[in-house]
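For reference, the chains in residue letters:
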Amino acid sequence: MTDLKKLREELDRTYDYQLKAEDSVLAQRRRAKELEAVYAEERASNNALPHHLKG
């Protein structure tokens, strides 16, 4: 019975690690989308500047 309990605990830990990893990936994707929106806004504002003010 102890082996079964240990196996169950190990499975629970593995599942927890998997959930944390998935959360991290989702957070990275969300942050990448946010940064891309910021960069797109910066590019749009730079394109709207007169030529002599573009950097």
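As shown above, the structure is provided for reference.
These figures come from a predicted structure and were not determined experimentally.

A. Local environment of the overall build of the protein chain. Looking only at helices and strands, one finds one helix and zero strands in the protein chain. Whereas a compact globule of 55 residues would reach a radius of gyration of roughly 10 Å, the protein chain reaches 23 Å, over 25% beyond that. Projected onto the principal axes, the alpha-carbon positions of the protein chain cover approximately 75 × 10 × 5 Å. Within the protein chain, the fraction of its 55 residues that count as buried is 0%. When the accessible surface of the protein chain is split by element, carbon and sulfur atoms take 56% of a total near 5500 Å². Between the mean site of the 11 positive side-chain charges and the mean site of the 11 negative ones, the protein chain shows a separation of 2 Å.

Scoring rules and cut-offs
- Residues numbered from 1 in each chain as written.
- Predicted model: local features only at pLDDT ≥ 70, side-chain atom pairs only at ≥ 80, totals over all residues.
- Heavy atoms only, no water.
- Helix = DSSP H or I, 4+ residues; strand = E, 2+ residues; numbered from the N terminus.
- Rg over C-alpha atoms; globule rule 2.2 N^0.38 Å.
- Buried < 20%, exposed > 50% of the residue type's maximum accessible area, 1.4 Å probe, protein only.
- Areas by Shrake-Rupley, 256 points an atom, 1.4 Å probe, with all protein chains shown as cover.
- Lys, Arg positive; Asp, Glu negative; His and termini not counted.
- Charge placed at Lys NZ, Arg CZ, Asp CG, Glu CD.

Just geometry here; none of it tells us what the structure is for.
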